[in-house]
Amino acid sequence: MSPRSASVNEAMRRRSRERLLRATVELVEERGYEATTLADITQRAGSARGLVSYYFSGKRALLQSAVHRLMADELAAALEFEPRTADGRQLLARAIDGMLGISVRHTTLMRTHMAAILQEEGFIQCPEQQRLALLLRDTVTCWGAEDAEEEYRLLRALLMGATVAMLLPGAPMPLHRLRAELFQRYELEWEWGFPPPEPAGPVQDPTPVRSRPVEPVE
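Residues numbered from 1 in each chain as written. Predicted model: local features only at pLDDT ≥ 70, side-chain atom pairs only at ≥ 80, totals over all residues. Heavy atoms only, no water.

Caption draft 1: Local environment of the packing of aromatic side chains. Inspection of every chain in the model, using the stated rule, returns five aromatic pairs. Measuring from ring centre to ring centre gives 5.3 Å for Phe81 and Phe194, while their planes differ by 85°; the resulting arrangement is edge-to-face. Note that Phe81 is positioned in the loop between helix H4 (59-79) and helix H5 (88-105) and Phe194 in the segment after helix H9 (175-185), a separation of 113 residues in sequence. Taking relative accessible area as the criterion, Phe81 reaches 45% and is therefore assigned partly exposed. Joined through ring pairs, the aromatic side chains of Tyr54, Tyr55 and Phe56 make up one cluster. A cation over an aromatic ring shows up here: Lys59 above the ring of Tyr33, its NZ or CZ 4.1 Å from the ring centre. Stacked on the ring of Tyr186, the Lys or Arg Arg185 has its end atom at 4.6 Å from the ring centre. (Phe/Tyr/Trp six-rings, centres within 6.5 Å; stacked < 30°, edge-to-face > 60°. Helix = DSSP H or I, 4+ residues; strand = E, 2+ residues; numbered from the N terminus. Buried < 20%, exposed > 50% of the residue type's maximum accessible area, 1.4 Å probe, protein only. Lys NZ or Arg CZ within 6 Å of the ring centre and 35° of its normal.)

Caption draft 2: Inspection of the nonpolar core at higher detail. Counting residues in hydrophobic clusters, the biggest one holds 53 residues, and the most contacted among them are Ile96, Leu155 and Leu188. Mapped by element, the contributors of at least two residues to this core are helix H1 (6-31), helix H2 (38-45), H4, H5, helix H6 (107-117), helix H7 (127-143), helix H8 (148-167) and H9. Considering each element in turn, this core owes the most residues, 10 residues, to H4. (Core = buried A, V, L, I, M, F, W, Y, C linked by side-chain atoms within 4.5 Å.)

Caption draft 3: Quick peek at the environment of Ala23. Structurally, Ala23 is set in helix H1. Note on Ala23: relative accessible area 2%, which makes it buried. In this structure, the C-alpha to C-alpha distance between Ala23 and Arg44, residues 21 residues apart in sequence, is 5.8 Å. Those residues in contact with Ala23 that sit more than four places away from it in its chain are Ile41, Arg44 and Ala45. (Contact = heavy atoms within 4.5 Å.)

Caption draft 4: View of unusual backbone geometry. The omega torsion of the bond from Glu82 to Pro83 falls at -5°, within 30 degrees of zero and hence cis. Its location among the elements puts Pro83 in the loop between H4 and H5. Of note in the backbone geometry, Glu187 takes a positive phi value of approximately 55° without being a glycine. With respect to the element layout, Glu187 can be found in the segment after H9.

Caption draft 5: Representation of the environment of His68 within the structure. Within the element layout of this structure, His68 appears in helix H4. Spatially, the C-alpha atom of His68 lies 9.8 Å from that of Gln125, the residues being 57 residues apart in sequence. Among all residues touching His68, those that are not within four sequence positions of it are His113, Phe123, Ile124, Cys126, Glu128, Gln129 and Leu132.

Note that every value here comes from positions in space, so none of it alone points to a role or purpose.
Quick look at the structure:
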């Protein structure tokens, strides 16, 4: 049997890494971070234990890469949602909704992730995070940012702040209010992107201030 080519080996390694990331997301959401072991993850992924050490420095780094992969995938899906658009403002609306929606759909995972990046190890760079950053930079460029890098960093900070506010135990901020603030800052229409369902109880009018009519002065 002839040896596998380098491209085949690379594809196999990539698939193994992706299985580890998917298994991490599944298990942390099912059991929580502390109750999930690396042995559990490799068993769920059908991978050898040594692969975790080969790709990641430990469980915390594995978790960050897994969450960044999920975020990048969901952001890409939001940006490419049919019907597709080349309008930078609508793309930014989709990006904001895509990112905020992750905390709604994956609350346990995102709460664990945000707690992890505030630990001593801090923010871990990885290919998944770089892909997420590229998608966000491209989006703010399409939106019309004069300095895409600076605007990307600001948007990232605003989204992280909104995520923490949504997940804060005992005093969470409502999605509608946080979305309204972000849409107002970037001058986006409320109906763009993926507007969330109307909440059951009374809420403050989410319409951005700039789009409200000005009452005539007597």
